[in-house]
Amino acid sequence: MDVKARDAEYIASTYKRFPVELVGGQGAELIDDTGKKYIDLGSGIAVNVFGVNDEEWKNAVIAQLNRISHASNLYYTAPQTELAEILCTRTGMKRVFFGNSGAEANECAIKVARKYASDKYGEMSRPMIVTLENSFHGRTITTLAATGQDVFHHSFGPFTAGFMHVPANDLTAMQEALEYHPVCGVMLEMVQGEGGVNPLDKEYVQAVAKLCDERDVILIVDEVQTGNGRTGTLFAYEQFGIQPDVVSTAKGIGGGLPLGACLMGEKVQDTLTPSSHGSTFGGNPVATAGAVNILSRIDDKFLAEVQRKSEKFVKGLTSIKGVKSVAGMGLMLGVETEKPAGEIVNECMKRGVLLLTAKTKVRLLPPLVITDEQIEQALSVIKEVIEA
Ligand SMILES: *Cc1c(COP(=O)(O)O)cnc(C)c1O
């Protein structure tokens, strides 16, 4: 049986896959089973920050594999402490809890907000978390409840109680939510990724941060997709001039291995206590050794390059006839087109460029190491397809 038939027979049908089997590659170039090459503008959904087959990351991972590949969190292992130190030093956050995915990082963030309020104001006195309409926070029953899209609120009920959703960039709606409901936390994506690559207004984010501060509400920023250099700073919130109480991240942090992190600031640094939370795999030494390598290379020079490449993409994309708008930050871009996005993605795939969609937009999440030549080649294919 070939891979497609075996997949159809044995894999849960949760994914609408493209008819491509990927077998290898280097950096932003991917190769399928027929030897056809593609320029990757998806990074495995913002995961492969340094592309695939990255030599330095592989060396870090292999070196750790040759020492110890897993230990329970009942024992110390060095890589997770190194990674936590890097994350805290570079963000001003105080402590890190490691899990294995974005959903788990958000679960932790939600638990932190609720426990902070429980400890301080009494059990269940402030259970509510406010998130934004059109947000995406994960696939567990709780993070689905957190997700502000009705399409995710069917078939799996009852969902976790205690979530409400308000329109993005509507300060009055947020103010009212905080005024009239027992809220312990607000959770925001700085750029809604799955929701269509929509950056929040800076003034709105700053005003929400101020409201949270005044009311002792925990501000959680979901940087699962926007984090780890994706938007041109280590985390996107830096560009909004705020300091969140909690930051969740995953996707790009592991450089390709499953890893999620929940970063806790000063206010909540002592909220999680022994046995209040845990994970068997969380902070796995191999994944965190890889992440130490990834984060140590996302320095100011590298981030400036992300910004420069972003400008190159935006300039190229906006000059295409049939492109209505380009939104996003850094190398997280959403393109609104006259033609249906799905059609453009399929045509580009045939011509060797792998793209994503987000709602009605074409979405670009290239590896941050994509070369100028690859950007130019990809842009010329996208232009050809959109203008055809
Ligand atoms: C992808 C994503 C998640 C979920 O991450 P998983 O690793 O798939 O659980 C949560 N929040 C945002 C903003 C995401 O983009």
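Per-chain numbering applies: the sequence of each chain, read as written, is numbered from 1 onward. Per-residue local features of the predicted model are confined to residues with pLDDT of at least 70, and side-chain atom pairs are confined, for both listing and counting, to 80 or more; whole-chain, interface and lining totals are unaffected and use all residues. Hydrogens and water molecules were not included; the side-chain quantities draw on all heavy atoms of the structure.

Visitor: Explain the packing of helix α4 (residues 78–91) against helix α9 (residues 285–297) here, please?
Guide: When two helices pack together, their arrangement is given by the angle between the helix axes and the distance between those axes. In the contact formed by α4 and α9, the axes pass within 8 Å of each other and the chain directions differ by 35°. Of the two elements, α4 crosses α9, and the hand of that crossing is left-handed. Between α4, through P79, Q80, E82, L83, I86, L87 and R90, and α9, the contact on the second element is made entirely by P285, T288, A289, A291, V292 and L295. Residues are grouped as follows: Ala, Val, Leu, Ile, Met, Phe, Trp, Tyr, Cys and Pro are nonpolar; Asp, Glu, Lys and Arg are charged; every other residue, Gly included, is polar. By residue class, the composition of the contact of α4 with α9 is 9 nonpolar, 2 polar and 2 charged. To get an axis, fit a line to the C-alpha atoms, keeping to the stretch in contact for a helix; angles then go from 0 to 180 degrees between the N-to-C directions. The helix count covers DSSP runs of H or I at least four residues long, the strand count covers runs of E at least two residues long, and both are numbered beginning at the N terminus. Two helices cross in a left-handed way if the nearer one is turned anticlockwise from the farther one by less than a right angle. They cross in a right-handed way if the turn is clockwise. Any pair of residues with heavy atoms lying within 4.5 Å of one another is described as a contacting pair.

Visitor: What is the right way to read the domain arrangement of the protein chain from this model?
Guide: By a widely used convention, the size of an interface equals the accessible area lost when the partners come together. Reported domain spans reflect what an automatic or database domain assignment gives. When the domains of the protein chain are assigned, the result is domain 1 (3–53 + 300–387) and domain 2 (68–297). Contacts between the two partners involve 27 residues from domain 1 and, on the opposite side, 29 residues from domain 2. Simply put, the buried area is the total loss of 1.4 Å probe accessible area from both parts when two parts are fitted together. Buried surface at the junction of domain 1 and domain 2, both sides included, amounts to about 2,200 Å², of which 61% is carbon and sulfur. When residues of domain 1 are sorted by the area they lose upon contact with domain 2, F50, M329 and M332 head the list and together hold 31% of the total. We count a salt bridge whenever a side-chain nitrogen from Lys or Arg sits within 4 Å of a carboxyl oxygen from Asp or Glu. Salt-bridge contacts for R363 lead to E194; the nearest nitrogen and oxygen are separated by 2.9 Å. What qualifies as a polar contact is a pair of N or O atoms within 3.5 Å, subject to a donor-acceptor requirement within protein and to the restriction that residues adjacent in sequence count only when both atoms come from side chains. In this structure, the connection of domain 1 to domain 2 is made through 11 residue pairs in polar contact (both at pLDDT 80 or more). Contributing elements (two or more residues each) for the side of domain 1 that touches domain 2: α2 (43–46), α10 (300–318), β13 (323–329), β14 (332–337) and β17 (361–364). With 4 residues, the single largest contributor to the side of domain 1 that touches domain 2 is α10.

Visitor: Looking at this model, I keep getting lost on the environment of A146. Mind explaining?
Guide: Among the structural elements, A146 can be located in helix α6 (residues 141–146). Residue burial is assigned from relative accessible area. The probe radius is 1.4 Å, only protein chains are included, and a residue is buried under 20% of its type maximum, exposed over 50%, and partly exposed in between. You can call A146 buried: its relative accessible area is 0%. For the pair A146 and G162, spaced 16 residues apart in sequence, the C-alpha separation works out to 8.7 Å. Among residues more than four places away in sequence, those in contact with A146 are I110, T131, S135, H137, F163, H165 and M187.

Visitor: Which parts of the structure should I look at to understand the sheet that holds strand β1 (residues 22–26)?
Guide: At least two DSSP bridges between two strands are needed for those strands to be called paired. Pairing within the open sheet is mixed, and its 4 strands lie in the order β1-β2-β3-β15. In the strand order of this sheet, the two ends are held by β1 and β15 (353–354), each with one partner. Bridging between strand β3 (residues 37–40) and β15 involves 2 bridges; their strand directions are parallel. Among the inter-strand pairings, D40 is bridged to a residue of β15, identified as L354.

Visitor: Looking at this structure, I do not really get the confidence of the model for the protein chain. What am I missing?
Guide: Interpretation of this model should avoid reading the predicted coordinates in detail wherever pLDDT is low. Model confidence for the protein chain is summarised by a mean pLDDT of 98, while 100% of its residues fall at 70 or above. Confidence of the predictor at the level of single residues is captured by pLDDT, which takes values from 0 to 100. Model confidence for the protein chain, summarised as mean pLDDT per element, is weakest for helix α1 (residues 3–10) at 96 and strongest for strand β10 (residues 218–222) at 99.

Visitor: Please explain helix α11 (residues 341–350) as it appears in this structure.
Guide: Note on helix geometry: an α-helix contains 3.6 residues per turn, so any two residues three or four positions apart are oriented the same way. Listed in full, the buried residues belonging to α11 are A341, I344, V345, C348 and M349. When α11 is viewed along its axis, its buried side chains cluster within an angular range of 135° and face the same direction. For α11, the secondary structure elements touched by its buried residues are β3, β14, β15, β16 (356–358), β17 and α12 (372–387). Positive backbone phi, approximately 90°, marks G352, located one or two places after α11. It is the directions from the helix axis to the C-beta atoms that the arc portrays.

Visitor: Whenever I open this one, the packing of α10 against α12 confuses me. Can you help?
Guide: Remark: α10 packs on α12, axes separated minimally by 10 Å, with the N-to-C direction vectors making an angle of 20°. On the basis of their axis angle, the class for α10 and α12 is roughly parallel. The handedness of the crossing between α10 and α12 is right-handed. Contact residues: R308, K309, K312, F313, G316 and L317 in α10; D372, I375, E376, L379 and I382 in α12. Here the contact of α10 with α12 is built from residues that sort into 5 nonpolar, 1 polar and 5 charged. An angle below 35 degrees is treated as roughly parallel, one above 145 as roughly antiparallel, one from 65 to 115 as roughly perpendicular, and anything else as oblique.

Visitor: What exactly am I supposed to notice about the packing of aromatic side chains here?
Guide: Within a pair of aromatic rings, the relevant descriptors are the distance that separates the centres and the angle that separates the planes. Stacked, tilted and edge-to-face are the three classes assigned to paired rings of Phe, Tyr and Trp, where Trp is represented by its six-membered ring and a pair needs centres within 6.5 Å; plane angles under 30 degrees give stacked, over 60 edge-to-face, the rest tilted. Taken as a whole, this structure holds 3 aromatic pairs when the rule is applied. With a centroid separation of 5.0 Å and an interplanar angle of 25°, the aromatic rings of F50 and F302 are classed as stacked. Remark: F302 occurs in helix α10 and F50 occurs in the loop between α2 and α3 (55–65); sequence separation between them is 252 residues. Note on accessibility: F50 and F302 belong to one class, buried. Sitting over a ring, as applied to charges here, requires NZ of Lys or CZ of Arg to be within 6 Å of the ring centre and within 35 degrees of the ring normal. Just above the ring of F50 sits the side chain of R297; from NZ or CZ to the centre is 4.0 Å.

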